[in-house]
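Coordinate inspection notes
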Amino acid sequence: MQGFVPTATDGNMATEFHNLQELRHSASLANKIFIQRDYSEGTTCKFQTKFPSELESRIEWTLFEDTVKTLNNYYAEAEKIGGQSYLEGCLACATAYLIFLCMETRYEKVLKKIAKYIQEQNEKIYAPRGLLITDPIERGMRVIEICIYEDRGSSGSSSGSSSVSGSTAR
Amino acid sequence: MHLGVSESMRECEYSQISTRSSTPMETPYKKRTSRKRKWESFPGRSKFYCDGRIMMARQTGVFCLTLVLILVTSGLFFTFDCPFLALQLTTAIPVIGGVLFLFVLGTLLRTSFSDPGVLPRATPDEAADLERQIDVANGSTGYRPPPRTKEVVINGQTVKLKYCFTCKIFRPPRASHCSLCDNCVERFDHHCPWVGNCVGRRNYRFFYMFILSLSFLTIFIFAFVITHIILRSHRNGFLNALKDSPVVVCFFSVWSIVGLSGFHTYLISSNQTTNEDIKGSWSSKRGKDNYNPYSHGNIFTNCCSALCGPLPPSLIDRRGFIQSDTLQLAPPTNGITMYGATQSQQSHMCDQDQCIQSTKFVLQAATTPLLQQQTSEPVILTTSPENGGSLPGRTSLTLAGPCTSLPLGHPASQDSLHEDSVRGLVKLSSV
């Protein structure tokens, strides 16, 4: 009945575990912030690079901007209208779109790259700082959701959970 | 007190499910623990078939009519006219007719069955965040809610983004909310009853190819039916010819479809949607400086980008399984229910180490992308379905140990799904 099987991600898991274990109890979700879309260039997928104030104490501005800019570049690559996309479109039309039964569209390939990139960023940069980025595709490409976890301190765990149970014991 | 009793009852049920084989009491629960797909709790009014593979509007009667008309007309043509024409003229006629017919059917089905580009509704946290931002921006606590619009400058044109109260998002430019399907659709063109679906970003090219090929097909059939009649009347006389070859295709339907194809060709070449054209959003009548900011400048690029551009994937993930794993923030009010209490009570039972381990797994699983679904596991933590059930958030991530984690989620998730389905039913009945 154990549903949890850790996906193997080499040594990073150990580092993350070590970081979390240092907190001596489970992290608590303190806040979620949302990076909205930037529509100044039309309907192409692009996110705002404005640095949210809630992250000021958590992460350097350059790291954050780097992540968002890389994501924007990936999306621009996926939606690029050029020779390759025309070729793919015409080929698909000629085969009555049956070709997509065996082949992935370029967009899907780029989305997989993005997913991998986000996972890598989470492991290396964001999780050690108590942050977690959610892939925008899971939010309908509307926002980049960043969860902020709070370190409640070594003695905080029992008081934290008892406050939850205490409020219902009426 | 009453709450406490039911809580303890729930606890017993959880442990029974986890450790023992099925007993008569838990059979109803066992059935409900089968995973549900996301389309089953989709908040809009779209209908799904084939386990979420096919998505259509609620009213599909006119679509059936379209299918019948096309099939009957083509059927009659192939049965009555083609044998004569193949013999008299060339066998290429039924072959070309057949290819056109198959192409028409293929594009029609593709337009009708695919997701037009529906935008999923905002999660409760997103909606709350937006509300907060709007309140801050307005700065007033007036009773009359101000109109919620955002202005954005796209390629030099000021475009207003409207807030959708149903989906709780600011609609991207060119998106619109379809009242028939109750969804926001990206690059919304129009809702076509003939096709039984909205026409939006993801299926516009199929729609265009459908009407284009249908106009070719109708002209083709009309022309060759006339040819057939003329050829026969040379032999048997006009009235006899009419008797042998039923003239099925109505003159007016040919012209209406050809007219529609012409209209959409114009729209594609100027990169506009039907919605924008009808409203006159980019017409020069509105102002001298009014121009279409989305147009690429020349007709060729506009056409290519509309027809051969990249096809974005569906954003709503109809066939994914509902994972009750979304970590919700605690609401500012007294929203703590017995689920939270049960959870925290069970958390006392588990080790500190197990909690940490589980948290790590949660973070791991939460970063597991949607596309790699074969590796994702249901992270049973709290229960809140994607479409924003009204369950309050949890303040902490404290988990039950693995032995009780699986059953913890399910009764609660059933209730939340039940809540959603009730809400859905209420919505449908109120239409």
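None of these values were measured; they are calculated from a predicted model. (Residues numbered from 1 in each chain as written. Chains lettered and ligands numbered in written order. Predicted model: local features only at pLDDT ≥ 70, side-chain atom pairs only at ≥ 80, totals over all residues. Heavy atoms only, no water.)

Turning next to the overall build of chain A. Helix and strand counts for chain A come out as five helices and three strands. Counting only residues that meet the buried cut, chain A has 49% of its 170 residues in that class. Sequence separation of at least 24 residues holds for 59% of the intrachain contacts in chain A that already meet a minimum separation of 6. As presented, chain A carries roughly 8,200 Å² of accessible surface, and 54% of it is formed by carbon and sulfur atoms. (Helix = DSSP H or I, 4+ residues; strand = E, 2+ residues; numbered from the N terminus. Buried < 20%, exposed > 50% of the residue type's maximum accessible area, 1.4 Å probe, protein only. Contact = heavy atoms within 4.5 Å. Areas by Shrake-Rupley, 256 points an atom, 1.4 Å probe, with all protein chains shown as cover.)

Moving on to the overall build of chain B. When you go through chain B residue by residue, the secondary structure sums to 13 helices and 10 strands. Buried residues in chain B amount to 51% of all 431 residues. In chain B, the proportion of contacts linking residues at least 24 apart, taken out of those at least 6 apart, comes to 69%. As presented, chain B carries roughly 20,900 Å² of accessible surface, and 63% of it is formed by carbon and sulfur atoms.

A few words on unusual backbone geometry. Residue and element names in this part refer to chain A. Unusually for a residue other than glycine, methionine 141 sits at a positive phi of about 60°. Here methionine 141 lies in the loop between strand E2 (131-134) and strand E3 (143-150). Taking relative accessible area as the criterion, methionine 141 reaches 5% and is therefore assigned buried.

Quick look at the pattern of salt bridges now. Residues and elements named next belong to chain A. Under the counting rule described, the total for this entry stands at 19 salt bridges over all chains. Across the pair arginine 129 and glutamate 60 runs a salt bridge whose closest N-O atoms are separated by 3.1 Å. Residue arginine 129 is found in the loop between helix H4 (106-126) and E2, and its partner glutamate 60 is found in the loop between strand E1 (28-36) and helix H2 (61-78); the two are separated by 69 residues along the sequence. Classification of arginine 129 by relative accessible area gives partly exposed; the value is 28%. A relative accessible area of 40% places glutamate 60 in the partly exposed class. (Salt bridge = Lys/Arg side-chain N within 4 Å of Asp/Glu carboxyl O.)

To continue, consider the pairing of E2(A). Residue and element names in this part refer to chain A. On E2, burial covers both faces: Leu131 and Ile133 on one face and Leu132 and Thr134 on the other are all buried. Where E2 meets E3, four bridges bridge the pair, whose relative direction is antiparallel. Bridge assignment links isoleucine 133 to a residue of E3, and that residue is isoleucine 146. (Pairing = 2+ DSSP bridges.)

This part is about the side chain of Thr67(A). All names here are of chain A. Here threonine 67 lies in helix H2. Polar contacts involving the side chain of threonine 67 include one to the side chain of glutamine 121, which spans 2.9 Å. Setting aside residues no more than four positions away along its own chain, threonine 67 makes contact with Tyr117, Gln121, Tyr126 and Ile133. (Polar contact = N/O pair within 3.5 Å; in protein donor to acceptor, adjacent residues only side chain to side chain.)

Before going further, it helps to examine helix H10 (residues 299-308) of chain B. Of all the residues in H10(B), the buried ones are Asn302(B), Cys304(B), Ser305(B), Ala306(B) and Cys308(B). One side-chain oxygen at the N-terminal end of H10(B) lies 3.2 Å from the backbone nitrogen of Phe300(B); it belongs to Asn298(B).

Residues and elements named next belong to chain B. One can describe the packing of helix H4 (residues 92-113) onto helix H6 (residues 204-236) by two numbers: an axis separation of 8 Å at closest approach and a directional angle of 150°. With respect to H6, the axis of H4 lies roughly antiparallel. Here the hand of the crossing between H4 and H6 comes out left-handed. Judged by residue contacts, Ile93, Ile96, Gly97, Leu100, Phe101, Phe103, Val104, Thr107, Leu108, Arg110 and Thr111 of H4 engage Phe206, Phe207, Met209, Phe210, Ser213, Leu214, Phe216, Leu217, Phe220 and Phe224 from H6. Residues belonging to the contact of H4 with H6 are distributed by class as follows: 16 nonpolar, four polar and one charged. (Axes fitted to C-alpha atoms, helices over the stretch in contact; angles between N-to-C directions. Parallel < 35°, antiparallel > 145°, perpendicular 65-115°, else oblique. Left-handed = near helix turned anticlockwise from the far one by under 90°. Nonpolar A, V, L, I, M, F, W, Y, C, P; charged D, E, K, R; others polar.)

Residues and elements named next belong to chain A. Per-chain confidence: chain A averages 77 in pLDDT, with 74% of residues scoring 70 or above. Across chain A, element-level confidence peaks in H2 with a mean pLDDT of 92 and bottoms out in helix H5 (residues 156-168) with 41. pLDDT under 50 marks residues 20-25. Its contacts with residues more than four places away, or in other chains, come to 19 contacts. When the criterion is pLDDT under 50, residues 154-170 qualifies, and its contacts beyond four places in sequence or with other chains add up to 21 contacts. (pLDDT = per-residue confidence, 0-100.)

A few words on the environment of Ile268(B). Residue and element names in this part refer to chain B. With respect to the helices and strands, the residue isoleucine 268 is situated in helix H8 (residues 251-269). Put simply, isoleucine 268 and tyrosine 208 are 60 residues apart on the chain and 9.1 Å apart in space, counted from C-alpha to C-alpha. Once you skip the residues sitting within four places of it in the chain, isoleucine 268 turns out to touch Tyr204, Tyr208, Asn302, Cys303, Ala306 and Leu307.

The next thing to look at is the sheet that holds strand E8 (residues 183-185) of chain B. Residues and elements named next belong to chain B. Judged by pairing direction, the sheet is antiparallel, and its three strands sit side by side in the order E3-E8-E7 without closing on themselves. Strands with a single pairing partner mark the edges of an open sheet, and in this sheet they are strand E3 (118-119) and strand E7 (176-178). Here E7 runs beside E8; their pairing, made up of three bridges, is antiparallel. If you follow histidine 177 over to E8, its bridge partner there is cysteine 184.

Glancing now at the packing of aromatic side chains. By convention here, two paired aromatic rings are described through the distance between centres and the angle between planes. All names here are of chain B. Tallied over the entire structure, the rule returns 13 aromatic pairs over all chains. One aromatic cluster is present, formed by Phe77, Phe78, Phe101, Phe220 and Phe224 through successive ring pairs. The ring of phenylalanine 170 carries lysine 150 above its face, with NZ or CZ at 4.8 Å from the centroid. Against the face of tyrosine 204 rests arginine 187, its NZ or CZ located 5.2 Å from the ring centre. (Phe/Tyr/Trp six-rings, centres within 6.5 Å; stacked < 30°, edge-to-face > 60°. Lys NZ or Arg CZ within 6 Å of the ring centre and 35° of its normal.)

Residues and elements named next belong to chain B. Between helix H3 (residues 61-88) and H6, the shortest axis-to-axis distance is 10 Å and the interhelical angle comes to 40°. By the angle between their axes, H3 is oblique relative to H6. Crossing of H3 over H6 shows left-handed handedness. Residues Thr66, Ile70, Thr73, Ser74, Phe77, Phe80, Asp81, Phe84, Leu85 and Gln88 of H3 pack against Phe210, Leu214, Leu217, Phe220, Ile221, Phe224, Val225, Thr227, His228, Leu231, Arg232 and Arg235 of H6.

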